[in-house]
Amino acid sequence: MSPAVAAVETAPGAALNGRGVVEAAGALVWRERDGRLELPVVHRPRYKDWSWPKGKVDPGEQLPAAAVREVAEEIDEQVVLGVPLPSLRYTTSDGRTKRVHYWAARCATDDDAAALTVRPQVERAPLEEIDDVVWVSAATAGELLTRRADRAPLETLLTLWERGRLATRAVV
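Throughout, residues of each chain are indexed from 1 in the direction in which the sequence is written. Residue-level local features of this predicted model are given only where pLDDT is at least 70; pairs of side-chain atoms are given and counted only at 80 or more, and the full residue set underlies all totals for whole chains, interfaces and linings. Based on all heavy atoms of the structure, the side-chain values leave hydrogens and waters out of the count.

Under the DSSP-based scheme used, a helix requires at least four consecutive residues in state H or I and a strand at least two consecutive residues in state E, with every element numbered from the N terminus. Assigned secondary structure in the protein chain consists of five helices and seven strands. When the elements of the protein chain are put in sequence order from the N terminus, they spell out α-β-β-β-β-α-β-β-α-β-α-α. Partly exposed residues are those whose accessible area sits between 20% and 50% of the maximum for their type, while under 20% is buried and over 50% is exposed, using a 1.4 Å probe and protein chains only. Across the 172 residues in the protein chain, those meeting the buried criterion constitute 45%. Accessible areas in this description were obtained via Shrake-Rupley with a 1.4 Å probe; residue shielding takes into account the shown protein chains only. Carbon together with sulfur atoms contributes 50% to the accessible area of the protein chain, which is approximately 9,300 Å² in total.

Spelled out as C-alpha cells, the structure:
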C-alpha cells in the first residue's frame, strides 16, 4: 500500500487506536515569501513548547480530516493537504505511545472555494491551548521547535520544496 493510501486509514476509538496508541494528525503549512519558505509554529502554554499545528484524532475521523481540522483550529487557516511527511512516534508524559501523522499543506485560496464548502466549520482553539502562532523562516522554525524530533518532517518538506514537489490541488 502506498504511503498516501495508508495515511487515509480511519483512526479507531477516541484518538486511541486498537493497539493503545494515541493517534494525532497535523501539517507543516508552507508559503513562499521573497523566494524563501515560511511556516507557522504554535506555542502551547500547557506544555510551554513550540510545535507544529497538530492534535488528536476524533473517534471515527480520518487522519487527513483531523489534520485539516487541527490546523484550522490552531492557526485559523483553511489548508489544502499535499504529500505525507514522516510521522513521529513518542512516549507521552503519562507513558502512552503517541503517533503523529503529518502532511505538507498550503493555505487555501479562492481557487479552492468549491472544495472547502464541504468542510465543517471549526472554532479557533482557546488561548489556554494555543496562545501564539508565528510565521517564520524554515531555519527559525527548526530552531524554535522544542522537540528535536519535530525537525524530521521539516527536513523532508525542505527537500521536496528544493525539488519543486510541493504543488497541491484541493480535491475535498
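Once the structure has been displayed, the description carries forward.
Ring pairs are drawn from Phe, Tyr and Trp, using the six-membered ring of Trp, whenever the two centres fall within 6.5 Å, and their geometry is named by plane angle: stacked under 30 degrees, edge-to-face over 60, tilted for the rest. Inspection of the entire model under this criterion finds zero aromatic pairs. By the criterion adopted, a ring carries a charge over it if an Arg CZ or a Lys NZ lies within 6 Å of its centre and within 35 degrees of its normal. Sitting above the plane of the W135 ring, R31 keeps its charged end 4.0 Å from the centroid.

So, about the pairing of strand β5 (residues 79–91). Two strands qualify as a pair provided that DSSP identifies no fewer than 2 bridges between them. When β5 meets strand β6 (residues 97–107), the two strands line up antiparallel, connected through nine bridges. Bridge pairing links R89 to R99 in β6. If you look at the hairpin formed by β5 and β6, you'll find five residues sitting between the two strands, and G95 has a positive phi there, around 90°.

So, about unusual backbone geometry. Of note in this structure, D34 is not a glycine but carries a positive phi near 50°. Tracing the backbone through its elements, the reader meets D34 in the loop between β1 (21–33) and β2 (36–44). For D76, which is not glycine, the phi torsion reads 60° and is therefore positive.

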